[in-house]
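Overview (structure and organization)
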Amino acid sequence: MAPVPCAICKTSRALIIRPKNHQKLCKGCFITIFEEEIHHTVTTTKLFSRGDRIAIGASGGKDSTVLASVLKTLNERYNYGLELVLLSIDEGIKGYRDDSLETVKRNAVQYDMPLKIVGYDELYGWTMDQVVEAIGKKGNCTYCGVFRRQALDRGAKMLGIKHVVTGHNADDVAETILMNLLRGDLPRLARSTSIVTGDESSEVRRSKPLKYAYEKEIVLYAHHKKLDYFSTECLYSPEAFRGSARSLIKNLERVRPSAILDVVRSGEDMAKLVPEAVTGISHCKSQKVSLSSADGEEEGAAGCGTNGRSSGGEMADMEKKLQEDEEASSREVEITSKVPNGVNGQRHDRIGAKPESRNGVKREPGKKLTRQTLGTCKTCGYMSSQDICKACMLLEGLNKNRPKMEIEIDVEDEESSTLRRKMEGLALTAA
Amino acid sequence: MAVVDVAPSDEPLQYFCKSKCFSQYVTTKAIKRMETYRVRGSIAKAARKLLFPLSFGPSSASLLYILDQHLQGQYDRMNRAAYELIVVHIDLNLEAADRKQSSELLDQYKSRFPRHTYSSLGLEDALLLDNIDWTALNMPEPLQNDSKNTGMDKLQQLVGSMPSATSKTDVITTLLTRLLVDVAKRNCCESILFADSTTRLAEKTLTETAKGRGFSLPWQVSDGMSPYGIGFNYPLRDLLKKELVIFSSLTIPPLTDLIILQGPSSHISASSKLTTIDDLMAQYFQSVEENYPSIVANVVRTSSKLQPLSGDETAACGLCGLPVAEGTDGIDGWGGDQNSASRASEQQDGKHKVLCYGCSRSING
Ligand SMILES: [Zn+2]
Ligand SMILES: [Zn+2]
Ligand SMILES: [Zn+2]
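Residues numbered from 1 in each chain as written. Chains lettered and ligands numbered in written order. Predicted model: local features only at pLDDT ≥ 70, side-chain atom pairs only at ≥ 80, totals over all residues. Heavy atoms only, no water.

We now examine the overall build of chain B. The helix and strand tally for chain B stands at 14 helices and 8 strands. Burial statistics for chain B: of 365 residues in total, 54% are counted as buried. For chain B, contacts bridging at least 24 residues in sequence account for 73% of all contacts bridging at least 6. Of the accessible surface of chain B, which amounts to about 16100 Å², a share of 52% is contributed by carbon and sulfur atoms. (Helix = DSSP H or I, 4+ residues; strand = E, 2+ residues; numbered from the N terminus. Buried < 20%, exposed > 50% of the residue type's maximum accessible area, 1.4 Å probe, protein only. Contact = heavy atoms within 4.5 Å. Areas by Shrake-Rupley, 256 points an atom, 1.4 Å probe, with all protein chains shown as cover.)

This part is about the coordination of the zinc ion (ligand 3). Note on metal sites: the ideal angle is 109.5 degrees for four tetrahedral donors, and 90 or 180 degrees for six octahedral donors. Residue and element names in this part refer to chain B. At 2.3 Å from the zinc ion (ligand 3) lie its protein donor atoms, namely Cys317 (SG), Cys320 (SG), Cys356 (SG) and Cys359 (SG). Considering all 4 donor atoms around the zinc ion (ligand 3), angles at the metal cover 104 to 116 degrees and the coordination shape is tetrahedral. Each donor residue of the zinc ion (ligand 3) belongs to the same chain, with the gaps between them written as C-x2-C-x35-C-x2-C. Taken together, the positions of Cys320 in the loop between β7 (314-316) and β8 (323-325) and Cys356 in the loop between α13 (340-348) and α14 (357-364) put the pair 36 residues apart, joining distant regions of the chain. Judged on exposure class, the residue Cys320 and its partner Cys356 are both buried. (Donors = N, O, S within 2.8 Å, 3.2 Å for Na, K, Ca; no water. Tetrahedral: all angles 85-135°; square planar, octahedral: opposite > 155°, others 65-115°.)

So, about the sheet that holds strand β4 (residues 83-90) of chain A. Residue and element names in this part refer to chain A. Spatially, 6 strands are ordered β5-β4-β3-β6-β8-β7 in an open sheet, and the strand pairing comes out mixed. The open sheet has two free edges, formed respectively by β5 (115-119) and β7 (196-197), since each of these has just one partner strand. Pairing between strand β6 (residues 163-165) and strand β8 (residues 205-207): 3 bridges, direction parallel. If you follow His163 over to β8, its bridge partner there is Arg205. Those strands touched by helix α2 (residues 62-77) are β3 (53-57), β4 and β6, and its axis lies near 155 degrees from that of β3. (Pairing = 2+ DSSP bridges. Axes fitted to C-alpha atoms, helices over the stretch in contact; angles between N-to-C directions.)

Successive side chains on a regular strand alternate, one facing one side of the sheet and the next facing the other. All names here are of chain A. Both β4 and β5 contribute to a ladder of 5 bridges, which runs parallel. Bridging across to β5, Leu86 finds its partner in Leu115. Tracing the backbone out of β4, into helix α3 (residues 98-110) and back to the parallel element β5 gives a crossover that is right-handed. (Right-handed = clockwise from strand over helix to strand, strands pointing away.)

The next point concerns the pairing of strand β2 (residues 83-91) of chain B. All names here are of chain B. Within β2, 8 of the 9 residues are buried, leaving the element largely enclosed by the surrounding structure. In terms of strand pairing, strand β1 (residues 48-53) meets β2 through 6 bridges, oriented parallel. Opposite Lys49, over in β2, you have Glu84 as the bridge partner. Relative to strand β3 (residues 117-122), β2 runs parallel, the two being bridged by 6 bridges. When the sheet's bridge partners are listed, Val87 is paired in β3 with Tyr118. Handedness of the β-α-β unit built from β2, helix α5 (residues 96-112) and β3 comes out right-handed.

Residues and elements named next belong to chain B. Each assigned domain of chain B is listed here: domain 1 (29-308) and domain 2 (311-365). Placing a centre on the C-alpha atoms of domain 1 and another on those of domain 2 gives a separation of 27 Å. The interface is formed by 22 residues belonging to domain 1 together with 19 residues belonging to domain 2. A per-residue breakdown of the area domain 1 buries against domain 2 is headed by Asp133, Arg213 and Phe215, which together make up 26% of the total. Of all the secondary-structure elements, those providing two or more residues to the side of domain 1 that touches domain 2 are α7 (165-186) and α9 (217-220). Among the elements that take part in the side of domain 1 that touches domain 2, α7 stands out by supplying 5 residues, more than any other. (Domains from an automatic or database assignment. Buried area = accessible area lost by both parts, 1.4 Å probe.)

Quick look at the structure:
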């Protein structure tokens, strides 16, 4: 069979079928168009200004490595005038980050970029290993998750940098859109679609220049550019809603390759249709959602790797919650109602949830909407929907050498139900 | 809360024991959504006309049964009814033998529920609509009559020209909606009563999202006036598909003989080339419905909260007819296109026709 010529240069032999649109390209043209598309994203969204110092959240994985490589290339090719810095987080788990941090260190040399590794000890005064020592193996995942959400921003702040870029790709964004539809969270859906999060009030902005780049193309780019990255499969199953959305996205891509982009497009359009009143709060009563974009891990974050999470539990918990809500609101309906046996006995009360929000006035989800205001943590000054941010709450508990119980767990705590059970267990043993 | 929701794992036998209660639950949920069509006051007013698309599936069969009883109740109490149903079956089959079967089945409906007006059309009748931009589909305008080809041939040709299975299904769905709106208008109906269950509306939410039609969700899942100038109502929006399937077997006599069951699994093909996005979502929600029925309902509640953009200049999509905000038509020229040249070149050719993102994707693959 005659070799197929590249669809762009028409001279070289096509070796790559673009995952995004099945265009047949030669290696050179693929690399060029991949870079040019990101340049297009950067310029049309006016992501950077000349002289900006940008921290690249670097984990050593494919996404952030490709991001660093492409930004370096574009910064030189188009004279963006950016100062690029690699920023890595060390959770302080012996052995866990060793390989990936080594990769990031090599990247720093390869790309000639300064590297800053910030440790949890430096940020919080506790390494994860110390946390585990203090509270035991159970439940430490939540500490890690809460700490991690702020770590990049706090790290950037330490460096005096106002803009962190992360390697989130189109697959991550599409997955988050479907996930938030499934769990009925329009505010989060709306926020996850914008390329930049954090407004004027935030000290550190976050953006995702790879927002429109397909994961498969990122892998191809890394492969053909022979980039040095640390490939690690996450051993832990994602939270149930995310896992569900992830497999949907994979199936959709198989059926129609453009579907990932089409979902992103839908999400951007839907973000404009979210009514003002909804943007401040989730549909789910008593599940507070903070307005802060920075403290919510929006896309495809990996687990901290120290503790597996239950898969499916989140969906079951939400199902139960929704059924209880509906049950409460249908009591007045003239139908023989039957309360499922045992439900009252096994209610999942949220930790420290105020009684009024629990037994609260009957509220049909989504009908009555209250607004939540965004403030800053009184202890650390970090954006928070509560007086004291979650990280500070946890720290306070740790510093008193016991877990802090009075925490309102946000919906973004994917592990919250697990944590709840574990904390309940802890309370018993501690007593 | 109904028995079924409380214990989804109940044995079918238990359902039968509670069947009366369950049937009443289903009926109440549906009738509650028909509040606006109560008989009011003592002065007789002309009955409001409502179009009732009958697909022969369990949901539309159940809804017809429920509304037939509802109307009977109104006659019994008030000696008049607040509304009348114009039942229409749109035949999607392209084979003559299948069509004969459909018309026989429709006759069975007529004899079981004789009080309503019935009619039947083939989907090819949509090709006669003059408010669709046929040039976008490479089709001749309806008036350019070429006698060689029948409507069915032309429809087959049109569907065959679509680049993928998903696009085929998409264009069929679109033509179906547009034809229904046309039939409703010609029959002076004020609304169309769609028998979509919660499960179906959840499927639709994710299907349209996956097809790039997120912008259209406010008109796809909510009750009220549609952009076509006719009301869209979903009286079964609070019921799960599985509840309706059970309900249809509990009526006396059961509706089973009147129903053509089309499980989503029958569409799922081993080859991804033949699988559609619609199939994927149907299959997905069938499984979610099993264990997490409230999550299905919550998806619909969530997408129903989306509000149409107000104040923006819009133009109707040449195919689906939904309002497209200025500058957001087509699949080119948005952030994800990443090609600055594409939109400019498109606009140069003068007659720039508006297609929404989703329709444009379906036609262009
Ligand atoms: Zn080439
Ligand atoms: Zn704080
Ligand atoms: Zn359209």
